[in-house]
Amino acid sequence: MNTNRQMSGGERPADANMQNVAFVAETVPCIIGQPALEEKLRILADAAKYDVACTSSGVDRKGKEGFLGNARACGICHSFASDGRCISLLKILMTNHCVYDCKYCVNRVSNDVVRTTFTPDEICQLTVEFYKRNYIEGLFLSSGVLKNPAYTMERMCETLALLRGKYRFNGYIHVKTIPGAPDELLATAGYLADRISINLELPTAESLEKLAPNKSFQTILNPMGKVSSTIAAHRLAIGKDARMERSMSNRYLEKNIFQSARLAEKTGSVQLPAPVTGGELGRPFAPAGQSTQMIIGASGESDYNLIQTTQRLYQSYDLKRVFYSAYIPLNEDADLPSLGTAPPLLREHRLYQADWLLRFYGFEADELLSEEKPNFNELLDPKCDWALRHLELFPVELQTASYDLILRIPGIGPKSAGRIVKARRYGSLTYENLKKMGVVLKRAHYFVTCGGRMMYPIPIDEQYITRQLVGTNQRENWQIAHQNGARQMSLFDDFGVQLMS
Amino acid sequence: MTIFTCKSDLTSMMTCIYDAWASRKGHGNIKLLREPVFQQELFDEYIHVEGDEEKAEKVLRSVRAKISPTAYIDVLYAAHSCEEDALDTIYRFLVLGFAYGAKVSSMLSYPPVMRLMELKRNVGNEAHFMHEFTRFTSIDGKVYVSHIEPKNDVLALTAEHFQDRMPSEYFLIIDDRRRSVAVHPRNEEFYIRYLTAEEAQSLSETEQITDEYTVLWRTFFDTIGIKERANPVCQRNLFPIWRRKHVTEFM
Ligand code: SF4
């Protein structure tokens, strides 16, 4: 192993060409059965691509001399892949060997695929070299289960310790923990990474048991609870609020799901034990919080079930994000949709929209769906849908309405709502200056008055407005359902912009 | 109408504001423009203002003290805007700012305030794009070089970001449009200077450098997209073709 090659702050060898010689000697295919680095990367990125989370957000950290990297709370996206999804992190599996047999997964033990494993140094070198070229914000490390959960998690921790220690990497790390790994290793991972996550995979214990026979709700929720208590304890210890920061806009909301949550009671306050290593680096424990992911469309749950679970996860475990992944059939299995079934992209899109409503708009799951109406409207986004069921609240007078109510107007996001509230303090609003302030009224104008006037003389009539809004939504819906993955685009249209003020 | 004109560096612009103000010709009778001025009007009077550190500092100091630190940042961002009306907008914003104090930043229904915020937003957004899409190539693992072509003058903002991100690397960021370069020596503050024609020429090839990691990155990039979700339209919307010019994975 060439120790002097990659350290950003360490001494560089005098002859840079020597490095290249060393590199070639080390990575060209040599050992039998071990593919070259490029081939490994292809296999292990390909196996990791179904994981949705690729954000590098949630923590601000300045750079420091002798180290490589910093972190920005807003997250930085570096590219967009052919499916339109953002690339922010080097998203790879440590290995695609796996002793488990989750039915929905390509890497399951019963599949015959080419298997390989990165060495810790290979992962570190890829990370720092990609990082210096500004390809990525950091590393997203996940893994199949190699031998057993403890062994796998230990290898992952070893890799992260190397990256933080020898390679002096100070950028973003998201680590996925292995269900069933010992608590000490979970603690270690938390001290080395910025975000830690464990995939719930499916929203109910029954589905999980059926589709992931080696996993259980216990082996997932138990560590999730401990991680959450440990994060809370560390936040308190450094003088922060126990709960994660949420969007600024939530502070102006009189009511939101995070306030009504009772964290400690629900999760118990069992914390993780001391870490095996990593603690000595003096890093905070998972400062960017934890997240999880659920697969959509592999099992029979309703949208209502999914967003209730989502809300519960936010409230009980203070998760920073819940991600959804439209199921893409990869395996032939009687318990799963057949091969060739299109991934439910529009449904996934609706769930993300609902997730934003829970996190930024002060909505609760029960306001959006119910036992009687368990699934989202295909034609309308959840907010329009909600507004049309509550026409008695509209039109809203922008000059006087509360921030909470303005935020519930279809087409108005936290940024616009904030600008409206700010601007009206110093003068009366007109449609003209709303437009100049960048407030888009395409959907909103059916629901508002400004100075007592509607923008166009239209009736507040459910049938009429529904037809209009469905028209507005149609093109977008069609794109999402048929052209694949347009959700990122519209998320950016609707909400994403607020992240880059 | 009297038109005050100046170069487009910060010192000149702030001096221009100082002189225009001190001229006491009345805010309505003057206009501030950065050079080159393309269409001179026959009956207007043109006054060129030369940059003066002291005057510029006075203006910036009063913005911080008499308006607010926020307004100061907003003005700095707007000053880097490529829009023709940027300087004049800053002037109009300051007229309001010195009258109303800190609350000027919330007076969004006033056109100069709204416009200033818009300019600031554009500059901030473009700087953010640079944080995302700037790509470095490595010269023998010693120096990292990148080329950018921003519309607004965001070189300093960009270099500041990378200085924090990799304080112990030697790197250059070259603004091809303005032929300026931010030079960051290892563990030191970066500085900006202009490139001579020869320098620009010899640095222009650095983008073509290919090494193990450019190859590996392209492999990763091609692999990570899910083909069942392929969506070139969405990719193009989020990462427009014109922004890809200096981006390794599209070269
Ligand atoms: S544990 Fe299950 S989901 Fe994870 S890699 Fe193994 S088979 Fe796939």
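Rules of the game
Residues numbered from 1 in each chain as written. Chains lettered and ligands numbered in written order. Predicted model: local features only at pLDDT ≥ 70, side-chain atom pairs only at ≥ 80, totals over all residues. Heavy atoms only, no water. Helix = DSSP H or I, 4+ residues; strand = E, 2+ residues; numbered from the N terminus. Contact = heavy atoms within 4.5 Å. Areas by Shrake-Rupley, 256 points an atom, 1.4 Å probe, with all protein chains shown as cover. Near = heavy atom within 4 Å. 1 Å grid on protein atoms, 1.4 Å probe; cavity = no way out; pocket = protein on both sides within 12 Å on 5 of 7 lines; lining within 4 Å. Sits in = over half its atoms within 2 Å of the grid points. Nonpolar A, V, L, I, M, F, W, Y, C, P; charged D, E, K, R; others polar. Buried < 20%, exposed > 50% of the residue type's maximum accessible area, 1.4 Å probe, protein only. Pairing = 2+ DSSP bridges. Right-handed = clockwise from strand over helix to strand, strands pointing away. Salt bridge = Lys/Arg side-chain N within 4 Å of Asp/Glu carboxyl O. Axes fitted to C-alpha atoms, helices over the stretch in contact; angles between N-to-C directions. Left-handed = near helix turned anticlockwise from the far one by under 90°. Phe/Tyr/Trp six-rings, centres within 6.5 Å; stacked < 30°, edge-to-face > 60°. Disulfide = S-S within 2.5 Å. Domains from an automatic or database assignment. Buried area = accessible area lost by both parts, 1.4 Å probe. Core = buried A, V, L, I, M, F, W, Y, C linked by side-chain atoms within 4.5 Å.

J.: Describe in detail the overall build of chain A, supporting the description with residues and values.
T.: Within chain A, the regular secondary structure consists of 17 helices and ten strands. Within chain A, contacts between residues at least 6 apart in sequence are counted, and of these 70% link residues at least 24 apart. Taken as a whole, chain A presents about 19,200 Å² of accessible surface, with 54% of it coming from carbon and sulfur.

J.: Please give an account of the site of the ligand that cites residues and values.
T.: Residue and element names in this part refer to chain A. Surveying the vicinity of the ligand reveals the residues Cys98, Tyr100, Cys102, Cys105, Asn107, Arg108, Gly144, Val145 and Lys215. For the ligand, the cavity whose grid points lie within 2 Å of the majority of its atoms is the largest cavity. Residue classes in the shell around the ligand are distributed as five nonpolar, two polar and two charged.

J.: Before we move on, could you go through the pairing of strand β1 (residues 2–6) of chain B and cite the residues and values that matter?
T.: All names here are of chain B. Within β1, five of the five residues are buried, which leaves the element mostly enclosed by the surrounding structure. Of the two faces of β1, both are covered, the one formed by Thr2, Phe4 and Cys6 as well as the one formed by Ile3 and Thr5. Judged from the four bridges that link them, β1 and strand β3 (residues 45–48) form a sheet pairing that is parallel. For Thr2, the partnering residue across the bridge sits in β3 and is Glu45. Summarising the sheet, β1 and strand β2 (residues 30–34) pair through five bridges and their orientation is parallel. For Ile3, the partnering residue across the bridge sits in β2 and is Lys31. Where the polypeptide runs from β1 across helix α1 (residues 10–22) and back to β2, its parallel neighbour, the crossover connection is right-handed.

J.: Which residues make up the pattern of salt bridges, and what values go with them?
T.: As enumerated under the stated definition, the model contains 41 salt bridges over all chains in all. Among the salt bridges present, the one from Glu39 of chain A reaches Arg42 of chain A, with a minimum N-O distance of 3.3 Å. Residue Glu39 of chain A and its partner Arg42 of chain A are both found in helix α2 (residues 37–46); the two are separated by three residues, about one turn of the helix. For Glu39 of chain A, a relative accessible area of 33% puts it in the partly exposed group. If you follow the salt bridges from partner to partner, you end up with Glu129, Lys132 and Arg133 of chain A together with Glu169 and Asp211 of chain B in one network.

J.: How would you sum up the packing of helix α9 (residues 303–317) of chain A against helix α10 (residues 345–360) of chain A? Please name residues and give values.
T.: Residue and element names in this part refer to chain A. Interhelical geometry of α9 versus α10 gives an angle of 35 degrees and a closest axis separation of 11 Å. Where α9 crosses over α10, the two elements pack in a sense that is right-handed. Here Asp303, Leu306, Ile307, Thr310, Gln311 and Tyr314 of α9 come into contact with α10, specifically with Arg347, Leu351, Ala354, Asp355, Leu358 and Arg359. Across the contact of α9 with α10, the residue classes tally to six nonpolar, two polar and four charged.

J.: Give me the packing of aromatic side chains: which residues, what numbers.
T.: By the definition in use, this model includes 23 aromatic pairs over all chains. Taking 6.4 Å as the distance between ring centres and 85 degrees as the angle between the ring planes, the aromatic pair formed by Trp386 of chain A and Phe394 of chain A counts as edge-to-face. Of the two residues, Trp386 of chain A and Phe394 of chain A, both sit in the buried class. Considering the side-chain rings of Phe221 of chain B and Phe250 of chain B, the 5.3 Å spacing of their centres and the 75 degrees angle between planes classify their relative orientation as edge-to-face. Here Phe221 of chain B, found in helix α8 (residues 212–224), pairs with Phe250 of chain B, found in the segment after α9 (232–238); they are 29 residues apart in sequence, far enough to count as distant. Residue Phe221 of chain B is classed as buried on the basis of its relative accessible area of 6%.

J.: Lay out the state of the cysteines with the relevant residues and their values.
T.: Residue and element names in this part refer to chain A. According to the stated counting rule, one finds one disulfide over all chains in the structure shown. Cysteine Cys74 is unpaired, with the sulfur of Cys77 as its nearest cysteine sulfur at 11 Å. Judged by its relative accessible area of 33%, Cys74 falls in the partly exposed class.

J.: Please give an account of the domain arrangement of chain B that cites residues and values.
T.: Residue and element names in this part refer to chain B. Considered domain by domain, chain B is made up of domain 1 (2–124) and domain 2 (134–250). Summarising the inter-unit geometry, the C-alpha centres of domain 1 and domain 2 are found 32 Å apart. For the pair domain 1 and domain 2, the two sides together bury roughly 500 Å², of which 59% comes from carbon and sulfur. When the buried surface of domain 1 facing domain 2 is broken down by residue, His80, Cys82 and Val123 rank first, second and third, together holding 78% of it.

J.: Before we move on, can you summarise the nonpolar core with the specific residues and values?
T.: Counting residues in each nonpolar core, the largest one holds 122 residues, and the members touching the most others are Ile409 and Leu434 of chain A. When residues no more than four places from it in sequence are discounted, the contact partners of Leu434 of chain A are Leu398, Ile420, Leu429, Val439, Leu441 and Cys450 of chain A. The next biggest cluster of nonpolar side chains, apart from the first, holds 76 residues, and it includes Ile173 of chain A together with Phe162, Trp217 and Ile224 of chain B.

J.: Account for the pairing of strand β6 (residues 170–175) of chain B, naming residues and giving values.
T.: Residues and elements named next belong to chain B. Along β6, five of the six residues are buried, which leaves the element largely enclosed by surrounding structure. Here six bridges tie strand β5 (residues 143–148) to β6, and the two strands are oriented parallel to one another. Within β6, the residue paired with Ser146 across the bridge is Ile173. Taking the sense of rotation as the criterion, the β-α-β connection linking β5, helix α6 (residues 155–165) and β6 turns out right-handed. Relative to strand β7 (residues 180–184), β6 runs antiparallel, the two being bridged by five bridges. Bridge pairing in β7 places Ile174 opposite Val181. Between the end of β6 and the start of β7, which pair antiparallel, lie four residues, with Arg179 showing a positive phi angle near 55 degrees.

J.: Mind laying out the sheet that holds strand β4 (residues 138–142) of chain A, listing which residues take part and the relevant values?
T.: Residue and element names in this part refer to chain A. In spatial order, the strands read β3-β4-β5-β6-β7-β8; together these six strands make up an open sheet with parallel pairing. The open sheet is flanked by β3 (89–93) and β8 (321–326), the only strands paired with a single partner. Adjacent strand axes in the sheet meet at a mean angle of 20 degrees, parallel and antiparallel pairs treated alike. Sheet topology places strand β6 (residues 195–197) next to strand β7 (residues 290–296); two bridges connect them, and they run parallel. Residue pairing across strands places Ser197 opposite Ser291, the latter belonging to β7. Lying over the sheet, α10 contacts β7 and β8, oriented at roughly 170 degrees with respect to β8.

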